[in-house]
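Next come the chains, spelled out residue by residue.
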Amino acid sequence: MTVAIDPAEVEFSAVRAQGPGGQNVNKVSNAVQARFDIEASSLPPYVKARLRALRDGRITDAGVIVLKAQNARSLERNREDALARLQALVDAASVVVPVRRATRPTLGSQRRRLEGKTRAGQVKALRGKVRD
């Protein structure tokens, strides 16, 4: 189940970019800094808890995700990139991994394992020196 992010909940601000832009990079603020408050969002509680539990340097102690996008030369494309990366982070946190339950090995698999060990032992036993 994918959880969509409402773009209205993301605060965008334009900052100076470090990447491509030629001479324009020194004059125009084309990079985007996106700030997303986890607690104030409309995400389901389990997604909020999983996002807070992530060990990610982009999440502040106050529970705000801060992303900087500066790959493109236009402000709008950087804004879309930041929103897509935020959506990918939320999608990764919303996936619930099923709990693995331990099972016992089958009788056939136990026999195959022991037969393999016996065969390997016989091969090693035959590696001794040859006597006349």
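Residues numbered from 1 in each chain as written. Predicted model: local features only at pLDDT ≥ 70, side-chain atom pairs only at ≥ 80, totals over all residues. Heavy atoms only, no water.

1. Structural notes on the overall build of the protein chain
Move 1: On a plain count of helices and strands, the protein chain comes out with 3 helices and 3 strands.
Move 2: Start at the N end of the protein chain and walk to the C end: the helices and strands fall as β-β-α-β-α-α.
Move 3: Since a compact globule built from 132 residues should have a radius of gyration of about 14 Å, the 27 Å found for the protein chain marks it as more spread out than a globular shape.
Move 4: In the protein chain, which comprises 132 residues, the share counted as buried stands at 24%.
Move 5: Counting only contacts in the protein chain whose residues sit at least 6 apart along the sequence, the fraction spanning at least 24 positions is 63%. (Helix = DSSP H or I, 4+ residues; strand = E, 2+ residues; numbered from the N terminus. Rg over C-alpha atoms; globule rule 2.2 N^0.38 Å. Buried < 20%, exposed > 50% of the residue type's maximum accessible area, 1.4 Å probe, protein only. Contact = heavy atoms within 4.5 Å.)

2. A closer look at the packing of helix α1 (residues 45-53) against helix α2 (residues 75-94)
Move 1: Between α1 and α2, whose axes approach to 9 Å, the crossing angle comes to 105°. With respect to their mutual orientation, α1 and α2 come out roughly perpendicular. Between α1 and α2, the contacting residues are Y46, V47, R50 and L51 on the first element and L89, V90, A93 and S94 on the second.
Move 2: Considered class by class, the residues forming the contact of α1 with α2 number 6 nonpolar, 1 polar and 1 charged. (Axes fitted to C-alpha atoms, helices over the stretch in contact; angles between N-to-C directions. Parallel < 35°, antiparallel > 145°, perpendicular 65-115°, else oblique. Nonpolar A, V, L, I, M, F, W, Y, C, P; charged D, E, K, R; others polar.)

3. Focus: the pairing of strand β3 (residues 64-69)
Working note: regular strand, side chains alternate between the two faces of the sheet.
Move 1: Most of β3 is tucked away: 5 of the 6 residues are buried.
Move 2: Across 6 bridges, strand β2 (residues 31-37) lies against β3 in antiparallel orientation. In the sheet register, R35 faces β3, and the bridge partner there is V66. (Pairing = 2+ DSSP bridges.)

4. Considerations on the pattern of salt bridges
Move 1: Tallied over the entire structure, the rule returns 3 salt bridges.
Move 2: Among the salt bridges present, the one from R52 reaches E39, with a minimum N-O distance of 2.1 Å. Residue R52 is found in helix α1, and its partner E39 is found in the loop between β2 and α1; the two are separated by 13 residues along the sequence.
Move 3: R58 is paired through a salt bridge with D56; the nearest N and O atoms lie 2.8 Å apart. (Salt bridge = Lys/Arg side-chain N within 4 Å of Asp/Glu carboxyl O.)

5. Details of the nonpolar core
Move 1: Within the largest apolar cluster, 18 residues are counted, with the highest numbers of intra-cluster contacts made by F36, L43, L51, I65, L86 and V90.
Move 2: Every element with two or more residues in this core is listed here: β2, α1, β3 and α2.
Move 3: A total of 5 residues in this core trace back to one element, the largest contributor, which is α2. (Core = buried A, V, L, I, M, F, W, Y, C linked by side-chain atoms within 4.5 Å.)

6. Focus on the environment of A53
Move 1: Residue placement: A53 occurs in helix α1.
Move 2: Under the relative-accessibility criterion, A53 is labelled exposed at 58%.
Move 3: In this structure, the C-alpha to C-alpha distance between A53 and S29, residues 24 residues apart in sequence, is 33 Å.

7. Things to note about the sheet that holds strand β1 (residues 10-15)
Move 1: Reading across the sheet, the 3 strands line up as β1-β2-β3 and stay open at both edges, with antiparallel pairing between neighbours. Where the open sheet ends on each side, the last strands, each with one partner, are β1 and β3. Averaged over neighbouring strand pairs, the angle between their axes works out to 20° when direction is ignored.
Move 2: Of the strands in this sheet, β1, β2 and β3 touch α2, which is tilted by about 140° from β3.

8. Describing the confidence of the model for the protein chain
Caution is warranted with low-pLDDT regions, since their predicted coordinates should not be read in detail.
Move 1: Here the protein chain shows a mean pLDDT of 89. Residues at 70 or above account for 94%.
Move 2: Mean pLDDT in the protein chain bottoms out at β1, which sits at 90, and peaks at helix α3 (residues 107-125), which reaches 97. (pLDDT = per-residue confidence, 0-100.)

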